[in-house]
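# Remarks on the overall topology
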Amino acid sequence: MKNKKILLLWYQQEDNFGDMLIYKTTREYLERMGYDAESHEIGDSEVKISQHANKCDFLLFAGGGIIERYVPRVIQNIENLVRFLHVPYGVIGIGIGDFDYRENAEAIRFWVNCAEFFYVRDEETKNYLNELYGGEKVKFSGDVVFANKQIARNIHTGNGIGLNLRDIPYTDIQKDFDWIIIDRALNEVQCNILIPDCNDQTANLHYEFDNVKELGDYKMLVPNVKIDETILAIQNCNIIIAMRFHVVLVAALLGVIPVPILYCPKVRYLAEQLGIMELAVELGKWEKIPEKVELAKRMRHKYIMDLTSNIVKLQTNVQDMYKNVLNKLEELL
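Criteria and cut-off values
Residue numbering note: each chain is counted from 1, following its sequence as written. The predicted nature of this model means local features are confined to residues of pLDDT at least 70 and side-chain atom pairs, given and counted, to a pLDDT of 80 or more, with totals for whole chains, interfaces and linings taken over all residues. Only hydrogens and water are set aside when side-chain values are computed; all heavy atoms of the structure are taken into account. The helix and strand labels rest on DSSP assignments: H or I over at least four residues marks a helix, E over at least two residues marks a strand, and numbering proceeds from the N terminus. Think of it in three bands: residues with accessible area under 20% of the maximum for their type are buried, residues over 50% are exposed, and the middle band is partly exposed, with areas taken using a 1.4 Å probe on protein chains only. Strands pair, by our definition, only if DSSP identifies at least two bridges between them. Whenever a helix is involved, its axis is fitted only over the stretch in contact; in every case the axis is a line through C-alpha atoms, and angles between N-to-C directions fall within 0 to 180 degrees. Here the angle decides the label: under 35 degrees means roughly parallel, over 145 means roughly antiparallel, 65 to 115 means roughly perpendicular, and every other value means oblique. Here, two residues are considered to be in contact whenever any of their heavy atoms come within 4.5 Å of each other. Residues are grouped as follows: nonpolar covers Ala, Val, Leu, Ile, Met, Phe, Trp, Tyr, Cys and Pro; charged covers Asp, Glu, Lys and Arg; every other residue, Gly included, is treated as polar. Place the viewer so that the strands point away; then a crossover is right-handed whenever the path from the first strand over the helix to the second strand goes clockwise. Residues enter a nonpolar core if they are buried and are Ala, Val, Leu, Ile, Met, Phe, Trp, Tyr or Cys, with the set joined through side-chain atoms within 4.5 Å.

For the rest of this paragraph, the subject is unusual backbone geometry. Note: most residues except glycine have negative phi, and most peptide bonds are trans. A positive phi is found at Gln-190, a non-glycine position, where the angle reads about 60°. Mapped onto the elements of the fold, Gln-190 is located in the loop between helix H7 (179–188) and strand E9 (193–194). Judged by its relative accessible area of 63%, Gln-190 falls in the exposed class.

So this is what it looks like as structure tokens:
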């Protein structure tokens, strides 16, 4: 008998480390459980998505920041998707931004209502969507990458100070980079490893590092190798100053202490889940980086203990979510 086929919806337009890792984690889990997995760009039209999904057995919104400032077309037009769709769908591991979604409230409510299951990665998203839905259908689990089987704990191999920056996504409402202050702070902590997470972000950085050759090669790598190289770069750190959600998450899994830059609510929620808000730097407060790095060094043992305890809870949540998803798939398919 042929394996059942699941279509994964996720952002594919850039080589974003987090999006690729979400997809890889979920695909590999499904394949271990005997399902086949295909993927589709979530920004595509509801017509094209439904056409692809109808050649499969289930449609899965595969996690991540699906709704940030803007709501993807497929969710805006979710009633059309459901009308065209001949297979059930579910949602796992998503988070939403801190914006006004009243214009799309009915569509989001319909999206929740028609899903076979609906899991999110933070309590704030759960509370917002359940209030909008008018029930308790939305469940908190955690980010799907907490269930990644290939990222072992406490295996960092180096003592470098890493840096992961992205562009400021909404410069009309947020302060842009102040490179003079940033350079001063990074020089003070002797930051020496750049953690790339997509081609554009690496190309746009104004900071010079010793590993220029490796960064030059990064753009030419295929997605799976980019994931491996990014994880390897994080492993070479002892502490990492990071903006990206999944760089913070993977660092924590590897026993590298993150100093999160809170450029958006999702990074704040993750820092709270991990118990490292004391180490976090508010966007624009770049001069605080040296004292946060010093705190991470001085209290390393405490933060490793806190991270370990909180990660175990989140891993358990996400593993339970996958088990529940598998049970539902077996029931439906």
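Once the structure has been displayed, the description carries forward.
The strand order E9-E8-E10-E11-E12 describes an open sheet built from 5 strands, whose pairing is parallel. Edge strands, defined here as strands with exactly one partner in the open sheet, are E9 and strand E12 (281–282). Two elements, strand E10 (residues 237–242) and strand E11 (residues 257–262), share 4 bridges in a ladder whose sense is parallel. Counted as the bridge partner of Ile-239 is Ile-257 from E11.

With that settled, the discussion passes to the packing of helix H1 (residues 17–32) against helix H10 (residues 223–235). Running from N to C, H1 and H10 cross one another at 110°; their axes reach a closest spacing of 10 Å. Comparing their axes, H10 and H1 come out roughly perpendicular. Residues Phe-17, Met-20, Leu-21 and Lys-24 of H1 form the contact with H10, whose own contacting residues are Pro-223, Asn-224, Lys-226, Ile-227, Thr-230 and Ile-231. In terms of residue class, the contact of H1 with H10 is built from 6 nonpolar, 2 polar and 2 charged.

For E11, a buried count of 6 out of 6 residues is recorded, marking the element as mostly surrounded by other parts of the structure. Burial of E11 is two-sided: the residues Ile-257, Val-259 and Ile-261 facing one way and the residues Pro-258, Pro-260 and Leu-262 facing the other way are all buried. For the handedness criterion, the β-α-β arrangement of E11, helix H12 (residues 265–274) and E12 is classed as right-handed.

Moving on, we get to the environment of Gly-64. Within the element layout of this structure, Gly-64 appears in strand E4 (residues 64–67). Taking the relative accessible area as the measure of exposure, Gly-64 reaches 1% and is therefore buried. Placed 233 residues apart in sequence, Gly-64 and Lys-297 show a C-alpha to C-alpha distance of 31 Å. What Gly-64 contacts, discounting residues up to four positions off in sequence, is Ile-22, Gly-93, Ile-94, Gly-95 and Arg-121.

Core analysis: the largest hydrophobic core is formed by 87 residues, its most contacted members being Ile-241 and Leu-274. Among the elements that make up this core, the one with the highest residue count is helix H14 (residues 300–332) (11 residues). When near neighbours in sequence (up to four residues on either side) are disregarded, Ile-241 contacts Ile-161, Gly-162, Leu-163, Asn-164, Leu-186, Val-189, Val-259, Ile-261, Ile-289 and Val-293. Of all hydrophobic cores here, the second largest spans 33 residues; its members include Ile-67, Tyr-89, Ile-96 and Phe-118.

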